[in-house]
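Overview (structure and organization)
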Amino acid sequence: MEDEISAAAGLRGRILAASADEATEPRRVALHALASRARELIERLVATTAPREVLEAATVDLAATTERFEGYEPVTLIGFAEVATAGNEPGAVFDHSPMIGKANPLSPPMTLRIDDDRVVGRVTFGSAYEGPPGCVHGGYVAAMFDELLGGAQSLSGHAGMTGTLTIRYLRPTPLHTELQLEATVDRVEGRKIFCKGTCHVDGEKVSEAEGIFISLTADKFVAMRGERDARFSSIPPPSD
């Protein structure tokens, strides 16, 4: 089972690399397009000066759109094992991630890829993520680093979960500006995987983070997989 956990960690790294690729499967293409439109709506809505009649008309339109989804039950999110065996596009495993999911309208989304012994990425936060005026809310910066370091820890060959996450905010993080991200595995001590990451804007470091991820034991891995399978066993898989 420990070999299976290591294999899953390696698979996660390969899937992470594929998550930045453009979808080709027709349903995923349509889902990504719809989520992108939803992000545009969120961006316009959080800072709109539209009058009441426009807001009321949009509410009617949105209600009609929402009704289109009635009768379609939620489905199991694709897991690593399913991606490995079911012939799905590898990047689909992260489609619903709140940070890198292209099918999740709540994600910025950020993109990550593996570059030798590190994970690099980029992200631009819009108005919906504002904290201080013109700046990204610190909570979203923390979530960004959790995703970034989570991707890096898979390079250790172990499957881990976040134990602690420490963020140092060096400069305000600007909205509507591309952020450059980088993370590496610092060391592994027993079950603890230590990772470090940075965020730069035009070459200037604006924040950095350190995270400790706790690798899963074989028993925990089996228990989590069993709970997931039992919870979603009655839900049909997605269809085109």
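A brief structural summary. (Residues numbered from 1 in each chain as written. Predicted model: local features only at pLDDT ≥ 70, side-chain atom pairs only at ≥ 80, totals over all residues. Heavy atoms only, no water.)

Glancing now at the overall build of the protein chain. On a plain count of helices and strands, the protein chain comes out with six helices and six strands. Taken from N to C terminus, the helices and strands of the protein chain fall in the order α-α-α-α-β-β-α-β-β-β-β-α. Counting over 240 residues, the protein chain shows a buried share of 35%. Relative to all contacts within the protein chain whose residues are 6 or more apart in sequence, the contacts with residues 24 or more apart total 66%. Here the protein chain has roughly 13,700 Å² of accessible surface; of this, 55% comes from carbon and sulfur atoms. (Helix = DSSP H or I, 4+ residues; strand = E, 2+ residues; numbered from the N terminus. Buried < 20%, exposed > 50% of the residue type's maximum accessible area, 1.4 Å probe, protein only. Contact = heavy atoms within 4.5 Å. Areas by Shrake-Rupley, 256 points an atom, 1.4 Å probe, with all protein chains shown as cover.)

We now examine unusual backbone geometry. A cis amide bond links Pro 108 with the next residue in sequence, Pro 109, at an omega value of -10°. With respect to the element layout, Pro 109 can be found in the loop between α4 (80–85) and β1 (111–115). With phi around 60°, Asp 116 is a residue other than glycine that occupies positive phi space. Position of Asp 116 relative to the elements: it lies in the loop between β1 and β2 (118–123).

This paragraph deals with helix α5 (residues 138–153). In this model α5 runs 22 Å from its N-terminal to its C-terminal C-alpha over 16 residues, within 8% of the 22 Å that 1.5 Å per residue would give. For α5, the set of buried residues is Val 141, Ala 142, Met 144, Phe 145, Glu 147, Leu 148, Leu 149, Gly 150, Gly 151, Ala 152 and Gln 153. (Expected span 1.5 Å × (residues − 1).)

Another aspect to go through is the nonpolar core. Formed by 30 residues in total, the largest nonpolar core has its most connected members in Met 110, Phe 125, Met 144, Phe 145, Leu 179 and Leu 181. Among the elements of the structure, β2, α5, β4 (179–189), β5 (192–201) and β6 (204–215) are those that each provide at least two residues to this core. The greatest single-element share of this core, amounting to seven residues, is contributed by α5. Excluding anything up to four places from it in sequence, Met 144 contacts Met 99, Met 110, Val 123, Phe 125, Leu 179, Leu 181 and Cys 199. (Core = buried A, V, L, I, M, F, W, Y, C linked by side-chain atoms within 4.5 Å.)

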